[in-house]
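Here is how the chains run, residue by residue.
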Amino acid sequence: MPEVIFPGEKGRLEGRYQPAKTRNAPIAIILHPHPQFGGTMNNPVVYNLYYQFANRGFSVLRFNFRGVGRSQGSFDHGQGELSDAAAALDWAQSVNPDARACWIAGFSFGAWIGMQLLMRRPEVEGFISIAAPANLYDFSFLAPCPSSGLFVHGDKDAVVPTTAVQTLVEKLKTQKGIVIEQQVVPGANHFFDGKTEELMGVVGTYLDKRLPGTRSDSAA
């Protein structure tokens, strides 16, 4: 799990990168929760998402948004963090020029950033949005949503009511040409405390359905 430093808009960004064993392997970018509420690339959900993709043959990058850890800059209320995410994808593509596809996975604030990146980068073919803060941020930019993907939520989330995500998902499901799935993890709060294993089971099942034959024996 090599440490990497790559250039961002406001300076260096730090990350952890797991290269794939094949040259044309897909890329996955993992985005962490809100920087001002303790979100980092070492968040347990982010860490486990990283390995869900790595164990399926992806080249995977997770990184700290500006102002977090050793990443330079300061919090920018989403606009700058979107720039950071684009820089991360640019870097991952530069070291994987033969990559055939890209996925984005985000948790909470990272889910909001990830869906914005999805709209700007047509090469992104799939997404995982966990605890998407549909009541706190505007997701109306998903018009239309360009890629199929999965929303996962906990039914005990006190930060983002399940109904807020349900409303967003139902709106997206009316669009043709994509398939939006939603799964609810029983008993899980916004941070999936004590429910990370169940969450990763949901994510892994979805990835195996979308990407048959990619799971390795070491997959969690």
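What you are looking at is a predicted structure, and each value in this text was computed from that prediction instead of being measured.

Structural notes on the overall build of the protein chain
Okay, step 1: The helix and strand tally for the protein chain stands at 5 helices and 8 strands.
Okay, step 2: Going residue by residue from the N terminus, the α and β elements of the protein chain occur as β-β-β-α-β-α-β-α-β-β-α-β-α.
Okay, step 3: The C-alpha atoms of the protein chain give 16 Å as radius of gyration, which agrees with the globular expectation for 220 residues (17 Å, within 12%).
Okay, step 4: For the protein chain, the proportion of its 220 residues judged to be buried stands at 54%.
Okay, step 5: Long-range pairs, those at least 24 residues apart, make up 69% of the contacts in the protein chain with a sequence separation of at least 6.
Okay, step 6: By element, 51% of the accessible surface of the protein chain is carried by carbon and sulfur atoms, the whole surface being about 9600 Å².
Okay, step 7: When the 20 basic and 20 acidic side-chain charges of the protein chain are each reduced to a single mean position, those positions are 3 Å apart.

Some points on the sheet that holds strand β6 (residues 124-130)
Okay, step 1: The strand order β1-β2-β4-β3-β5-β6-β7-β8 describes an open sheet built from 8 strands, whose pairing is mixed. Looking at the sheet topology across the chains shown, the edges are occupied by β1 (3-8) and β8 (180-185). The average undirected angle you get between the axes of adjacent strands in this sheet is 20°.
Okay, step 2: The sheet contacts of helix α3 (residues 109-120) involve β3 (27-31), β5 (102-107), β6 and β7 (148-154), and relative to β5 the element is tilted by about 150°.
Okay, step 3: Each of β5, β6, β7 and β8 is contacted by helix α5 (residues 196-210), which is oriented at about 165° to β7, the strand it contacts most.

Things to note about the UniProt feature "domain: Xaa-Pro dipeptidyl-peptidase-like" (unreviewed entry) in the protein chain
Okay, step 1: According to UniProt, the positions carrying the feature "domain: Xaa-Pro dipeptidyl-peptidase-like" (unreviewed entry) are residues 17-142.
Okay, step 2: Across residues 17-142 one finds 31% helix and 20% strand; the C-alpha atoms that close the span lie 29 Å apart.

Observations concerning the environment of Q175
Okay, step 1: Mapped onto the elements, Q175 comes out in the loop between α4 (162-173) and β8.
Okay, step 2: Overall, the relative accessible area of 15% leaves Q175 in the buried class.
Okay, step 3: Separated by 136 residues in the primary sequence, Q175 and G39 have C-alpha atoms spaced 32 Å apart.
Okay, step 4: If sequence neighbours within four positions are ignored, Q175 has contacts with L142, A143, P144 and C145.

What about a nonpolar patch on the surface?
Okay, step 1: Residues L136, V159 and F191 make up a contiguous nonpolar surface patch of about 280 Å² in total accessible area.
Okay, step 2: Its place among the elements puts L136 in the loop between β6 and β7.
Okay, step 3: A relative accessible area of 51% places L136 in the exposed class.

Focus: helix α2 (residues 79-94)
Okay, step 1: Helix length check: α2 (16 residues) gives 23 Å between terminal C-alpha atoms against 22 Å at 1.5 Å per residue, within 8%.
Okay, step 2: What α2 keeps buried is the set G80, E81, L82, D84, A85, A87, A88, L89, W91 and A92.

Side note on the environment of A105
Okay, step 1: Of note, A105 is situated in strand β5.
Okay, step 2: Separated by 25 residues in sequence, A105 and I130 have C-alpha atoms that sit 7.9 Å apart.

What to know about the packing of aromatic side chains
Okay, step 1: This model, assessed by the stated rule, comprises 17 aromatic pairs.
Okay, step 2: Aromatic pair F127 and F151: ring centres 5.4 Å apart, planes at 75°, arrangement edge-to-face. Of this pair, F127 sits in strand β6 while F151 is found in strand β7, placing the two residues 24 residues apart along the sequence.
Okay, step 3: On the basis of relative accessibility, which here comes to 1%, the residue F127 falls in the buried class.
Okay, step 4: Its relative accessible area of 1% is what places F151 among the buried residues.
Okay, step 5: Summarising the aromatic geometry, the rings of F139 and F141 are spaced 5.9 Å apart at their centres and angled 25° between planes, so their arrangement reads as stacked.
Okay, step 6: Classification of F141 as partly exposed rests on a relative accessible area of 24%.

Brief notes about the pattern of salt bridges
Okay, step 1: This model, assessed by the stated rule, comprises 12 salt bridges.
Okay, step 2: As a salt-bridge pair, R56 and D208 come within 2.8 Å of each other at their nearest N and O atoms. One end of the pair, R56, is in the loop between α1 (44-54) and β4 (59-63); the other, D208, is in helix α5, and 152 residues separate them in sequence.
Okay, step 3: Sharing partners across several salt bridges, the network here consists of E3, E14, R16 and R70.

What counts and what doesn't
Residues numbered from 1 in each chain as written. Predicted model: local features only at pLDDT ≥ 70, side-chain atom pairs only at ≥ 80, totals over all residues. Heavy atoms only, no water. Helix = DSSP H or I, 4+ residues; strand = E, 2+ residues; numbered from the N terminus. Rg over C-alpha atoms; globule rule 2.2 N^0.38 Å. Buried < 20%, exposed > 50% of the residue type's maximum accessible area, 1.4 Å probe, protein only. Contact = heavy atoms within 4.5 Å. Areas by Shrake-Rupley, 256 points an atom, 1.4 Å probe, with all protein chains shown as cover. Lys, Arg positive; Asp, Glu negative; His and termini not counted. Charge placed at Lys NZ, Arg CZ, Asp CG, Glu CD. Pairing = 2+ DSSP bridges. Axes fitted to C-alpha atoms, helices over the stretch in contact; angles between N-to-C directions. UniProt positions renumbered as here; feature names shortened; annotations may be inferred. Patch = residues over 30% accessible without salt bridge, like charges linked within 9 Å, V, L, I, M, F, W, Y side chains within 5 Å. Salt bridge = Lys/Arg side-chain N within 4 Å of Asp/Glu carboxyl O. Expected span 1.5 Å × (residues − 1). Phe/Tyr/Trp six-rings, centres within 6.5 Å; stacked < 30°, edge-to-face > 60°.

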